[in-house]
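# Summary of the model geometry
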Amino acid sequence: MTLKRHVCDIKRPSETRDSRGQVTGTDTTIAVDVPFSLKPLTGRERELARQEFADASSVVNIHLDPAWGVTPADYLVRRGGVLSGRSLAIKYIRDDETSGLNTEMLCGEGDL
């Protein structure tokens, strides 16, 4: 169990397309004020993670409700503090128990 010091909103990008095929509309908020912990990848962890995901920079530990249906297409938006509004793109989700109680996500601050 990890202490959850940060708070975020979980958002899903809009899939609506206009006549040119451009993505339009606003993103859907899946969950609000979700506590999480954030740990930067270090040394060997970063080297291994970047073999699969080029912009992987941190591991997020979070409690997810399985009803939310969070996928790697979604992203986190930090709330409160100096880094409020900063986005973390979800690259990989590991939930060994499939309960959402102790979920680890590999995230990056690159493209959403």
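Summarised in this report is the structure supplied together with it. What you see is a predicted model, and the numbers here were worked out from it, not measured in a lab. (Residues numbered from 1 in each chain as written. Predicted model: local features only at pLDDT ≥ 70, side-chain atom pairs only at ≥ 80, totals over all residues. Heavy atoms only, no water.)

In this section: the pairing of strand β6 (residues 75-79). In terms of residue burial, β6 counts as a mostly covered element, since four of its five residues are buried. One ladder, built from three bridges, connects β6 with strand β7 (residues 87-94); its direction is antiparallel. What sits directly across from V77, in β7, is S87. (Buried < 20%, exposed > 50% of the residue type's maximum accessible area, 1.4 Å probe, protein only. Helix = DSSP H or I, 4+ residues; strand = E, 2+ residues; numbered from the N terminus. Pairing = 2+ DSSP bridges.)

Judged by how many residues are buried, strand β5 (residues 56-62) sits mostly within the fold: seven of seven residues are covered. Of the pairings in the sheet, the one linking strand β4 (residues 28-40) to β5 comprises five bridges and is antiparallel in character. What sits directly across from S37, in β5, is N61. Two strands pair when backbone bridges link them, and β5 and strand β8 (residues 103-108) are joined in this way by six bridges, in the antiparallel orientation. Looking at β8, one finds that I62 is bridged to T103.

Nonpolar side chains tend to gather and get buried jointly when the protein is soluble and globular. C8, I10, V60, I62, L76, M105 and C107 are the most contacted members of the largest nonpolar core, which totals 15 residues. Elements with a contribution of two residues or more to this core: β1 (6-12), β4, β5, β7 and β8. No other element matches the four residues that β4 contributes to this core. The residues contacting V60, other than those within four sequence positions of it, are F36, S37, L38, L76, L88, T103, E104, M105 and C107. L41, A49, A56 and V59 belong to the second-largest nonpolar core, a separate cluster that totals five residues. (Core = buried A, V, L, I, M, F, W, Y, C linked by side-chain atoms within 4.5 Å. Contact = heavy atoms within 4.5 Å.)

Inspection of the secondary structure assignment puts S14 in the loop between β1 and β2 (16-17). Reaching out from S14, the side chain makes a polar contact with the backbone nitrogen of T16 at a distance of 3.3 Å. For S14, the contacting residues outside a window of four places in its chain are V23, T24, G25, T26 and D27. (Polar contact = N/O pair within 3.5 Å; in protein donor to acceptor, adjacent residues only side chain to side chain.)

Looking at where G85 falls in the secondary structure, it is placed in the loop between β6 and β7. Among the residues examined, G85 registers a relative accessible area of 47% and is labelled partly exposed. Measuring from C-alpha to C-alpha, the distance between G85 and D65 comes to 22 Å, with 20 residues separating the pair along the chain.

For the rest of this paragraph, the subject is the sheet that holds β7. One closed barrel accounts for six strands, arranged β1-β4-β5-β8-β7-β6; its pairing is antiparallel. Along the sheet, successive strands turn relative to each other by an average axial angle of 45°, direction set aside. Across the sheet, helix α1 (residues 43-52) lies against β4, β5 and β8, angled at about 100° from β5, the strand it touches most. (Axes fitted to C-alpha atoms, helices over the stretch in contact; angles between N-to-C directions.)

Looking now at unusual backbone geometry. The phi dihedral of D33 is positive, around 55°, even though this residue is not glycine. Locating D33 in the fold gives a position in strand β4. When its relative accessible area of 45% is taken as the criterion, D33 is described as partly exposed.

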